[in-house]
Amino acid sequence: NAGVTQTPKFQVLKTGQSMTLQCAQDMNHNSMYWYRQDPGMGLRLIYYSASEGTTDKGEVPNGYNVSRLNKREFSLRLESAAPSQTSVYFCASSEGGTYYEQYFGPGTRLTVT
Amino acid sequence: GENVEQHPSTLSVQEGDSAVIKCTYSDSASNYFPWYKQELGKRPQLIIDIRSNVGEKKDQRIAVTLNKTAKHFSLHITETQPEDSAVYFCAASTPFGYFNNDMRFGAGTRLTVKP
């Protein structure tokens, strides 16, 4: 099992450009999440999908959109990148519900100039 | 929403000493408290968790305690080793709806264990 995979690993964008971060999991998990990690601020939830066919906003959704393509895949789109979106992005998945561990992908380091 | 505060932000200990990291949360409905370890350049990984109906949980050198009344929980690492050096995140999860939960993370503690 690969667990949770993310592409790309690194990306540099110019202000105003768009891009999609891809995430896939092979653990048959119901729930998937997108977080951003900034120095001194921990992990902040951008969007999540509790189950296939549903998506909801997290703590910091502005400037992002998501698509739960199927049970395995959950993508994050930046329509018009801004320097404030420079961050490390982590995708995670879990069985769903309260008590289940979240498994994280390896992360995408995004720089917006 | 839930607010999780974590202290200290950095912690340096000598190998063999104990390390304690503390977190407080604001929402009394939170009922699940995991701790994640993130080594440099790696992904966060769960090391221990505790549910709100339990006061303490141990796993070898790691233990977590929960005080629901005071809304705080702590991670205790005994007999620290250099490989314990990492950033540790606490989190608090609040259920809502049938299948949803809102998990908020603390800002992290960078632990350095000096040999």
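For the structure, see preceding data.
None of these values were measured; they are calculated from a predicted model. (Residues numbered from 1 in each chain as written. Chains lettered and ligands numbered in written order. Predicted model: local features only at pLDDT ≥ 70, side-chain atom pairs only at ≥ 80, totals over all residues. Heavy atoms only, no water.)

### Some details on the sheet that holds strand β8 (residues 74-78) of chain A
Residue and element names in this part refer to chain A.
Logical step 1: Pairing is antiparallel across the open sheet formed by four strands, whose spatial order is β1-β3-β8-β7. Edge positions in the open sheet fall to β1 (4-7) and β7 (64-68), since each of these has one partner strand only. The sheet shows a mean angle of 20° between the axes of neighbouring strands, taken without regard to direction. (Pairing = 2+ DSSP bridges. Helix = DSSP H or I, 4+ residues; strand = E, 2+ residues; numbered from the N terminus. Axes fitted to C-alpha atoms, helices over the stretch in contact; angles between N-to-C directions.)

### Considering the packing of aromatic side chains
Logical step 1: Tallying each qualifying case throughout the model produces 12 aromatic pairs over all chains.
Logical step 2: Aromatic pair Tyr 25 of chain B and Phe 33 of chain B: ring centres 4.8 Å apart, planes at 45°, arrangement tilted.
Logical step 3: According to the relative accessible area criterion, Tyr 25 of chain B is buried, its value standing at 6%.
Logical step 4: Taking the relative accessible area as the measure of exposure, Phe 33 of chain B reaches 0% and is therefore buried.
Logical step 5: Ring plane angle 55° and centroid distance 6.0 Å describe the contact between Tyr 25 of chain B and Phe 73 of chain B, whose orientation is recorded as tilted. With Tyr 25 of chain B in strand β3 (residues 19-25) and Phe 73 of chain B in strand β8 (residues 72-77), this pair connects stretches of sequence that are 48 residues apart.
Logical step 6: On the basis of relative accessibility, which here comes to 0%, the residue Phe 73 of chain B falls in the buried class.
Logical step 7: An aromatic cluster is built from Tyr 33, Tyr 35, Phe 90 and Phe 104 of chain A together with Tyr 36 and Phe 105 of chain B, whose rings are joined through pairwise contacts. (Phe/Tyr/Trp six-rings, centres within 6.5 Å; stacked < 30°, edge-to-face > 60°. Buried < 20%, exposed > 50% of the residue type's maximum accessible area, 1.4 Å probe, protein only.)

### Let's talk about the state of the cysteines
Note on terminology: a disulfide is the covalent bond linking the sulfur atoms of two cysteines.
Logical step 1: Going through the model one piece at a time under the given rule, you end up with two disulfides over all chains.
Logical step 2: Each sulfur in the disulfide pair Cys 23 of chain A and Cys 91 of chain A lies 1.9 Å from the other. Judged by the sign of its S-S torsion, about -70°, the cystine formed by Cys 23 of chain A and Cys 91 of chain A is left-handed. Here Cys 23 of chain A is found in strand β3 (residues 19-25), whereas its partner Cys 91 of chain A is found in strand β9 (residues 87-94), with 68 residues between them in sequence.
Logical step 3: The disulfide that involves Cys 23 of chain B links it to Cys 90 of chain B, with 2.0 Å between the sulfurs. Linking Cys 23 of chain B and Cys 90 of chain B, the disulfide has an S-S dihedral of approximately -100° and is accordingly described as left-handed. Taken together, the residues span a long stretch of sequence, with Cys 23 of chain B in strand β3 and Cys 90 of chain B in strand β9 (residues 86-96) at a distance of 67 residues. (Disulfide = S-S within 2.5 Å.)

### Thoughts on the interface of chain A and chain B
Where interface size is given, it is often the accessible area lost as the parts come together that is meant.
Logical step 1: Contacts between the two partners involve 25 residues from chain A, matched on the other side by 21 residues from chain B.
Logical step 2: Both sides of the chain A and chain B interface together cover about 2,000 Å² of buried area, and 54% of this is carbon and sulfur.
Logical step 3: The three residues of chain A that bury the most area against chain B are Thr 98, Tyr 99 and Phe 104 of chain A, which together make up 30% of that side's buried surface.
Logical step 4: Joining chain A to chain B, the criterion identifies one salt bridge.
Logical step 5: Its salt-bridge partner being Glu 59 of chain A, residue Arg 104 of chain B comes within 3.7 Å of it at the nearest N-O pair.
Logical step 6: On the surface where chain A and chain B come into contact, there are three residue pairs in polar contact (both at pLDDT 80 or more).
Logical step 7: Of all the secondary-structure elements, those providing two or more residues to the side of chain A that touches chain B are β4 (31-37) and β5 (43-49) of chain A.
Logical step 8: At four residues, β4 of chain A tops the list of elements feeding residues into the side of chain A that touches chain B. (Contact = heavy atoms within 4.5 Å. Buried area = accessible area lost by both parts, 1.4 Å probe. Salt bridge = Lys/Arg side-chain N within 4 Å of Asp/Glu carboxyl O. Polar contact = N/O pair within 3.5 Å; in protein donor to acceptor, adjacent residues only side chain to side chain.)

So, to be careful, I would describe these as geometric facts and stop short of saying anything about function.
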